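Fold and contact review
These are the residues of each chain, in order.
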Amino acid sequence: MARCFNGGWIGAQMSVDDRFAPIFRKKFILRNGIKTAKAFVCGLGLFELKVNGILPDDTVLNPVHSQYSQSVFYRVFDVTKFLDEGENTVTVEVGHGFFNETSFVWDWDKASWRSVPKLIADIEIVYENGETEIISTDESWLVATDVPITANSIYYGETHDARLKATEWHDVVLVDAPKGILKEQTEPFIRRIQTFSPKKIAQNGNAFIVESPEMTTGWAAICVDIPEGREVTVTYGETLDCDGFVQKIGRNEGRDGNWWPDAYIQQDKFISGGEKTVFEPKFSYKGFRYIQIDGADALAPEDVVIYKVANDVEIISDFECSDEMLNSLHSLMRRTLLNNFQGKPTDTPVWEKNGWLGDANCALATMMYNFGMDGYLQSFVDTMADCLHEYGNVPVIVPTADWGLGNSPVWNTIFVFAPLAIYDYCGNREYLEKMYPDLRAFALTDIEELRALGNTWGTRGLSDWVAPSDDENSPVINDPSEGAEICCTAYVYAMLGAMVRIAEILGKSDDASEYESAAKDIYDAFNEKFYNAEKEIYETTVWNQKGKRQRYRQTSNLLPLAFGLVPEENRAGVLKNLADNFVGRGYRLDTGCTGTKYVLPVLFENGYTDIASEVMLQTAYPSWGYWVKNGHGSAWEGWEKSTRSLNHYFLGTYDEAYYAYLGGIRNIRNGYESFTVAPMLDCYLDWVKVKIKTPKGIATCEWRKENGICTVNITVPEGSTAEVILAFGKKKISATVTGGEYEYVI
């Protein structure tokens, strides 16, 4: 249950335009015999708690971003060992975060919740004799405004003036509570999860250019030893400009620099107090491969420590195979996902920092194979539910400041797919039950809206974003030439299929029948409108020529095949045309974020292992191998060299197929209570190893081909049942097995 706080909300005398980070302080006396002590703290937008000058844990950027008009998160800290008999001091430094963001992009500056930083806290002490004492935020607390952090923003960065020491303490003011309900943060906390030393430091004029060993998200701790009053500027970026400096963004410079016309984003400033200091920011994070440091006299490798900062989700799996490029691509995708786990799955840690639902919808299975997603994904879905309650619909980004509220199924159907994935991969039926009323309301809205349109979607809505222009040197083209009709209709159909499963799991047969009936109407209308019997392909009713794109769309045919929208008598023709298109394009991709996810599954499922193998091997544009060929260790936002972000995961969804088809572990149900093991042994690889930590134990599949013989070793956790289906050449083996280790030679 959420805590009912004794304390009230307090703030400082400041306006929303003031950008400093106030520090709140409380001194208090405790008697002997402390048994336990917990601090319950919410500082909005972000806070750092210290107890007697000590951080109570290693978490950062607390609390995570929420729909503040609906939910506000507090943190719980065990502070027993930090409190003493006698006088104690607690300080809480509070930054702005998304709670008081000034950027006009996505309307954060107009957010209904926008307010000055504010704090509520209870420190609950239990003594050995059973008595309890609570120190709460009230008018007895003090606040300092002559503080080191004179400016902070989640986008722009922060300014730290080491000459300011918070020496003048004033009475706090009581402030209004935020509209959202206080809830304990349960998703994995954000931490410095990895540490790097610089790969290289080069001097360029008066600037030092630090290169990270990999594209990352977070910040650097920099040792600064300069005279008092001198300023060091630290700028982070993904790329260097033509002169070898970090490409700045803002002030109408850099990609989309007009979004921040008055200042650069991703930039910190440190003003020396005259002492040698290690500076690192507290209330902003950056996406970067390069760091430019201006104003330092010297910079040695030991002066810079680079931190990867992200939600501390558990990595639960391993994938390895005989092709090093695929191994690199696997690491690349996992790295890019982690870089974007910033309180919510973001699209890019540089430009947007938004919880775009389409990105997560595309990569949902990839996330579930790689990470322990139960708590993290629940929090994200809860934010979608908050938005549903506030707006009557799930927007395309969450949280949101009233931006992107239109219904867009390719993006927002993750609201249904994610709880089902939590059930299938994590075995969490309770969450499915909890969410069902909201899921049903969402599904019925889509049914009603689609019926009003004749059971096919119109042209509005986001769909196959950033499909190739077919010219690697051209600008990235965001919008699909074919519009949204097929993608949006197909996703509503697939969502209703998921709702049928959910209703059946929860014993709601009447609801399941209702969803099945609506899906049948969509199936019929879809085929009537989009299937071209003469060409044996699916195509939309609109076309807007962009770049060198071909009229035949891979995605328009992948989705019907993947979602079961193709009548059996038409499948062969649709599949042949899809296969012919891949062959004719030299096995290169012609999909945006929506279709890319389904390329390998559709090819593997329908017997085109040879074509799938060739697609995986490609290094020519547009392909996944093109990223590796060009020396990149993270996924791109677009296929072209002109792509904006180089740290954007929604095109890297091949990784799902590495586990599901190369390793063969798929059709996962009820927390791995049952699953299939059916690796693609006839693919070009010599060997594959997959290992997954499931809720029931370790599941593995390892196979190796030597001298015309394939040996397959499988581990099934106790309590699980696996359907084993092996095919190598003309030989086949099938078996149903329970917990244990098995070897098959075929």
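Further up the page is the structure itself.
Attention in this report is confined to the structure presented alongside it. (Residues numbered from 1 in each chain as written. Predicted model: local features only at pLDDT ≥ 70, side-chain atom pairs only at ≥ 80, totals over all residues. Heavy atoms only, no water.)

**Comments concerning the nonpolar core**
Cut-off, in case you're wondering: Nonpolar cores were defined as sets of buried Ala, Val, Leu, Ile, Met, Phe, Trp, Tyr and Cys residues, with membership established by side-chain atoms within 4.5 Å. We call a residue buried when its accessible area falls under 20% of the maximum for its residue type, exposed when it is over 50%, and partly exposed in between, using a 1.4 Å probe and counting protein chains only. Each helix is a run of DSSP H or I of at least 4 residues and each strand a run of E of at least 2, with the numbering of both proceeding from the N terminus. Contact definition: two residues touch when any of their heavy atoms are within 4.5 Å.
Trp260, Ile293, Phe415, Leu496, Leu600, Trp627 and Leu662 are the most contacted members of the largest nonpolar core, which has 219 residues in total. When residues of this core are assigned to their parent elements, the largest contribution, 16 residues, is made by helix α8 (residues 485–505). The residues contacting Leu662, other than those within four sequence positions of it, are Phe319, Leu326, Phe604, Met616, Ala657, Pro679, Met680, Cys683, Leu685, Val688 and Trp703. Counting residues in each nonpolar core, the second largest holds 35 residues, with Met14, Phe20, Phe47 and Ala121 among its members.

**Some remarks on helix α4 (residues 374–391)**
Counting along an α-helix, one turn takes 3.6 residues, and residues three or four places apart therefore face a common direction. Here is the rule we go by: Expected span of a helix: the number of residues minus one, times 1.5 Å.
Its 18 residues give α4 an end-to-end C-alpha distance of 26 Å, which sits within 8% of 26 Å, the value for a rise of 1.5 Å per residue. Residues of α4 that are buried: Tyr376, Leu377, Gln378, Ser379, Phe380, Val381, Thr383, Met384, Ala385, Asp386, Cys387 and Leu388. One or two positions beyond α4, positive phi appears at Gly392, with a value near 80 degrees.

**Observations concerning helix α9 (residues 509–530)**
With 22 residues, α9 extends 31 Å from end C-alpha to end C-alpha; this agrees with the ideal 32 Å at 1.5 Å per step. Looking at α9, one finds that the buried residues are Asp511, Ala512, Tyr515, Ala518, Ala519, Ile522, Tyr523, Ala525, Phe526, Asn527 and Phe530. Lining the buried residues of α9 we find α7 (429–452), α8, β24 (531–532), β25 (537–538) and α10 (554–563).

**Regarding the environment of Leu240**
When you line up the elements, Leu240 lands in the loop between β18 (231–237) and β19 (267–271). Judged by relative accessible area, which is 34%, Leu240 ranks as partly exposed. When residues no more than four places from it in sequence are discounted, the contact partners of Leu240 are Ile209, Phe245, Val246, Gln247 and Tyr290.

**Let's talk about the pattern of salt bridges**
Formally: Take a side-chain nitrogen of Lys or Arg and a carboxyl oxygen of Asp or Glu: if they are within 4 Å of each other, that pair is a salt bridge.
Evaluation of the coordinates by the stated rule reveals 41 salt bridges. Here Arg553 makes a salt bridge to Asp590, at a shortest N to O gap of 3.1 Å. In this pair, Arg553 is assigned in the loop between β25 and α10 and Asp590 in the loop between α11 (568–584) and α12 (593–596), connecting sequence segments 37 residues apart. For the pair formed by Arg553 and Asp590, the shared burial category is buried. Among the ionic contacts, a cluster of salt bridges with common partners joins Asp470, Glu482, Arg553, Arg585 and Asp590.

**A word on the sheet that holds strand β12 (residues 169–171)**
In plain terms, the rule: Strands pair, by our definition, only if DSSP identifies at least two bridges between them. Geometry is summarised by axes, namely lines fitted to C-alpha atoms with helices restricted to the contacting stretch, and by angles between N-to-C directions that run from 0 to 180 degrees.
Taken in spatial order, the five strands of this open sheet run β4-β6-β2-β9-β12, and their pairing is antiparallel. Both outer strands of the open sheet, β4 (46–51) and β12, are each paired with one neighbouring strand and no more. Here the strands of the sheet are splayed against their neighbours by 30 degrees on average, with no regard to which way each runs. Both strand β9 (residues 142–144) and β12 contribute to a ladder of three bridges, which runs antiparallel. When the sheet's bridge partners are listed, Ala144 is paired in β12 with Trp169.

**Examining the packing of aromatic side chains**
Rule in force here: Aromatic pairs are defined between Phe, Tyr and Trp rings, using the six-membered ring for Trp, whenever the two ring centres lie within 6.5 Å; interplanar angles under 30 degrees are classed as stacked, those over 60 as edge-to-face, and all others as tilted.
A full pass over the atoms with the stated rule returns 38 aromatic pairs. Considering the side-chain rings of Trp106 and Tyr155, the 6.2 Å spacing of their centres and the 20 degrees angle between planes classify their relative orientation as stacked. Of this pair, Trp106 sits in the loop between β6 (86–95) and β7 (118–127) while Tyr155 sits in the loop between β10 (149–153) and β11 (157–161); the two residues are 49 residues apart in sequence, bridging distant segments of the chain. In this pair, the class of Trp106 matches that of Tyr155, namely buried. Seen from their ring centres, Phe526 and Phe530 are 5.1 Å apart, and the 70 degrees between their planes marks the pair as edge-to-face.

**Topic: the environment of Thr721**
Looking at where Thr721 falls in the secondary structure, it is placed in strand β30 (residues 709–728). Taking the relative accessible area as the measure of exposure, Thr721 reaches 32% and is therefore partly exposed. For the pair Thr721 and Ile414, spaced 307 residues apart in the sequence, the C-alpha separation amounts to 28 Å. The contacts of Thr721, once residues within four sequence positions are left out, are Glu673, Ser674, Phe675, Thr736, Val737 and Thr738.

**Considering unusual backbone geometry**
Look at the link from Leu44 to Gly45: it is a cis peptide, with omega at 0 degrees. Within the secondary structure, Gly45 is located in the loop between β3 (34–44) and β4. One non-glycine residue with positive phi stands out, namely Asp256, at about 55 degrees. On the secondary structure map, Asp256 appears in the loop between β18 and β19. Taking the relative accessible area as the measure of exposure, Asp256 reaches 22% and is therefore partly exposed. Located in the positive-phi region is Tyr587, a residue other than glycine, with phi close to 65 degrees. Here Tyr587 is to be found in the loop between α11 and α12.

**Here's the deal with the side chain of Ser481**
What counts here: A 3.5 Å cut-off defines polar contacts: any pair of N or O atoms within that distance qualifies, except that in protein one atom must be a possible hydrogen donor and the other a possible acceptor, and neighbouring residues in sequence count only when both atoms are side-chain atoms.
Here Ser481 lies in the loop between α7 and α8. A polar contact is formed between the side chain of Ser481 and the backbone oxygen of Asn544, at a distance of 2.9 Å. A distance of 3.1 Å separates a polar atom in the side chain of Ser481 from a polar atom in the side chain of Arg549. For Ser481, the contacting residues outside a window of four places in its chain are Val542, Trp543, Asn544, Gln545, Lys546 and Arg549.

**So, the pairing of β7**
Taking burial as the measure, the ten residues of β7 include eight buried ones, the bulk of the element. Inspection of the sheet shows β3 paired to β7 by ten bridges, in the antiparallel sense. Each residue of the ladder has a partner; that of Phe40, found in β7, is Asp122. Direction of pairing for β7 relative to strand β8 (residues 132–136): antiparallel, over a ladder of five bridges.

**Overview of the packing of α10 against α11**
To be explicit about the condition: Angular relationships are summarised with four words: roughly parallel below 35 degrees, roughly antiparallel beyond 145, roughly perpendicular across 65 to 115, and oblique for the angles in between. Definitions for this section: a left-handed crossing has its near helix turned counterclockwise from the far helix by less than a right angle. A right-handed crossing has that turn clockwise. Gly counts as polar in this scheme, as do all residues outside two lists: the nonpolar Ala, Val, Leu, Ile, Met, Phe, Trp, Tyr, Cys and Pro, and the charged Asp, Glu, Lys and Arg.
Contact pair α10 / α11: the axes reach a minimum separation of 10 Å and the direction vectors enclose 140 degrees. With respect to α11, the element α10 is oriented oblique. You can see that α10 and α11 cross each other, and the crossing is left-handed. From α10, Gln554, Asn557, Leu558 and Leu561 reach across to α11, where they touch Arg571, Val574, Leu575, Leu578, Asn581 and Phe582. A class-by-class count of the residues in the contact of α10 with α11 yields six nonpolar, three polar and one charged.

**Re the packing of α4 against helix α6 (residues 414–426)**
Across the interface, α4 lies against α6 with an axial gap of 10 Å and an inter-helix angle of 155 degrees. Relative to α6, the element α4 lies roughly antiparallel. Note on packing geometry: the crossing formed by α4 with α6 is left-handed. Across the interface between the two elements, Asp374, Leu377, Gln378, Val381, Met384, Ala385 and Leu388 from α4 touch Ile414, Phe415, Ala418, Pro419, Ile422 and Cys426 from α6. Among the residues forming the contact of α4 with α6, the class breakdown is eleven nonpolar, one polar and one charged.

**Here's the deal with the side chain of Gln378**
Mapped onto the secondary structure, Gln378 falls in helix α4. Other than its neighbours up to four places away in sequence, Gln378 contacts Met373, Ile422, Asn428 and Tyr431.

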